[in-house]
Amino acid sequence: MAEFAKGLEGVVAAESKICRIDGEAGQLYYMGYTITDLVEHCTFEEVTYLLLYGELPTREQLSVFSAKMRNARDLPEPVIHMIRDFPKDAHPMELLQSVVSYLSSYVEHRIHHGPHCNCRDTLHQIAEIATVVATYQRFQEGKEYLPPRKDLSHGANFLYMLRGEEPDPFEGEVMDKALILHAEHSFNASTFTARVVASTMSTCYCSISAAVGSLYGSLHGGANEKVMEMVDSIGSKDAARDWVHTALDKKQKVMGMGHRVYRAKDPRSFVMEEYLKDLSEKKSDWKYYEILKEVETTFRERMEEKGKPIYPNVDFFSGAVYRVLGIPTKLFTPIFAMARVSGWLSHILEQRVDNRIYRPKAQYVGHEQRRLVPMEER
Ligand SMILES: CC(C)(COP(=O)(O)OP(=O)(O)OC[C@H]1O[C@@H](n2cnc3c(N)ncnc32)[C@H](O)[C@@H]1OP(=O)(O)O)[C@@H](O)C(=O)NCCC(=O)NCCS
């Protein structure tokens, strides 16, 4: 009899070469490279190449790959119509999930590859998600479709489409690096979802669409939205200390703190914190940074008293970074999807190499066999 593990906690469901998390040391690796090295030296396109091919590209390989990805940014006319016609108050994640499936029909994979599309070559799924998210926001604001630019990085082009003007290079870089930080994180719920769907030999579009649905849930994406709600309700640095004490006395969770895997400060949160600091300096507005640091200090003091290894996770600073970049809160989770799609695709490809359809068991706790009572006797 197999052991029952609620939520599959602790169950090893596959072998994977993609991502390693060292929770005790607070380290994260993609294909063996530390996240800090990747952020320091690479672009999002370069990291996407790494996730899809397992190796960093040469200059030439990157140039071919980037060109392909940038050529795939623009949306086909019917997809633009679909975004325009989607119910206005639908959540952008609902739109994204539908659009990803729809995009599938615009790629020639059916003709050449059947359900096994050549997704490593088309790169539509990765490139177009940013355009869909930006276009959603433009239409919400009553603006026109703005075609993407090919001369900008993935992150900078996203800000360009959102704002209608080219961001300054540092802001473009911060956006691009934020995508790297969120690109991959092992067997989380959405990645597992992508792999389960891929294991049935479904298309990568259907697998990604399912993963988007999984990320939409409030227990997965969305923590940085909650952090900003917390920051807004605290209001000022001076109020932060009391706010944290009161929250902890009432046994409330402080958003952006703690992680299932990390028992040290999440390595991604260091990077986000530095970007928030730099952006605050540039804008001469330290409000969010000061509130968050006061929350962190007070929270850590309380945790140290109890010897609890609970530290900031990536979401603690990322919401404030996006806010300072002028991004509406509703787009935080779609941006997560924009980044994580590279990781999802990497896992879909890995799943296909040595596939076995996922089929765990359930422990049946229902009725024993029952006599069916005919309708007239019920
Ligand atoms: C992410 C999270 C679910 C991880 O959970 P976990 O490792 O299973 O930890 P648990 O929820 O079992 O908590 C262990 C203890 O630490 C406390 N704790 C964990 N995170 C906390 C937080 N953010 N604020 C206050 N207390 C926290 C719990 O209350 C619990 O205390 P207890 O032992 O007195 O009952 C949890 O830390 C959390 O809810 N964080 C806030 C939401 C968030 O930022 N999510 C984004 C994750 S990337």
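Each chain carries its own residue numbering, running from 1 in the written order of its sequence. In keeping with the model being predicted, local features are shown solely for residues with a pLDDT of at least 70 and side-chain atom pairs are shown and tallied solely at 80 or more, while totals for entire chains, interfaces and linings include all residues. Hydrogens and water are ignored here; the side-chain numbers use all heavy atoms of the structure.

Enquirer: Just to check I follow, could you spell out the layout of surface pockets for this structure?
Expert: Over the atoms rolls a probe the size of a water molecule, and in doing so it shows where empty space is left. Volume-wise, the second largest pocket comes out at about 720 Å³. Lining the second largest pocket we find 27 residues, and of these Ala14, Glu15, Arg195, Glu350 and Gln351 sit closest to its centre. Working definition: helices are DSSP H or I runs of at least four residues, strands are E runs of at least two. Numbering for both runs from the N terminus. Counting residues per element, the ones that place at least two in the lining of the second largest pocket are helix H2 (44-53), helix H11 (189-198) and helix H18 (332-353). If one sorts the elements of the lining of the second largest pocket by residue count, H18 sits on top with five residues. Grouping the constituent residues of the lining of the second largest pocket by class yields 15 nonpolar, four polar and eight charged. The method works on a 1 Å grid over the protein atoms by themselves. A cavity is a set of points holding a 1.4 Å probe that cannot get out, a pocket is an open set with protein on both sides within 12 Å along at least five of seven lines, and residues with an atom within 4 Å of a point line them. Grid points are joined across faces, edges and corners, and a volume is the space filled by probe spheres set on the points. Classes in brief: Ala, Val, Leu, Ile, Met, Phe, Trp, Tyr, Cys and Pro nonpolar; Asp, Glu, Lys and Arg charged; the others, Gly included, polar.

Enquirer: Help me understand the side chain of Asn313, please; the structure alone is not making it clear to me.
Expert: Here Asn313 lies in the loop between helix H16 (287-306) and helix H17 (315-324). Note on Asn313: relative accessible area 8%, which makes it buried. Identification of polar contacts relies on pairs of N or O atoms within 3.5 Å, with a donor-acceptor requirement for protein atoms, meaning one able to donate a hydrogen and the other able to accept it, and with residues adjacent in sequence counted only if both atoms are side-chain atoms. One polar contact links the side chain of Asn313 to the main-chain carbonyl oxygen of Gly258, over a distance of 2.8 Å. Working rule for contacts: check all heavy atoms of both residues, and any pair within 4.5 Å makes them a contact. The residues contacting Asn313, other than those within four sequence positions of it, are Gly256, Met257, Gly258, His259, Asp266 and Ser269. Classification of residues uses two cut-offs on accessible area relative to the type maximum, computed with a 1.4 Å probe and protein chains only: under 20% is buried, over 50% is exposed, and between them is partly exposed.

Enquirer: Would you explain the domain arrangement of the protein chain in this entry?
Expert: Note: domain ranges come from an automatic or database domain assignment. Once the domains are mapped, the protein chain shows domain 1 (15-217 + 328-353) and domain 2 (223-324). Taken together, the 27 residues of domain 1 in the interface contact 25 residues of domain 2. Values labelled buried area give the accessible surface lost by two parts on being combined, using a 1.4 Å probe and summing over both. Across the domain 1 to domain 2 interface the summed buried area is about 2,200 Å²; carbon plus sulfur atoms make up 68%. A pairing counts as a salt bridge when a side-chain nitrogen of Lys or Arg comes within 4 Å of a carboxyl oxygen of Asp or Glu. Salt-bridge contacts for Asp168 lead to Lys282; the nearest nitrogen and oxygen are separated by 3.0 Å. Going through the elements one at a time, strand S1 (19-22), strand S2 (27-30), helix H1 (35-41), helix H10 (169-181) and H18 are the ones with two or more residues in the side of domain 1 that touches domain 2. Among the elements that line the side of domain 1 that touches domain 2, the one with the most residues is H10, at eight residues. Partitioned by chemical class, the residues of the side of domain 1 that touches domain 2 number 12 nonpolar, eight polar and seven charged.

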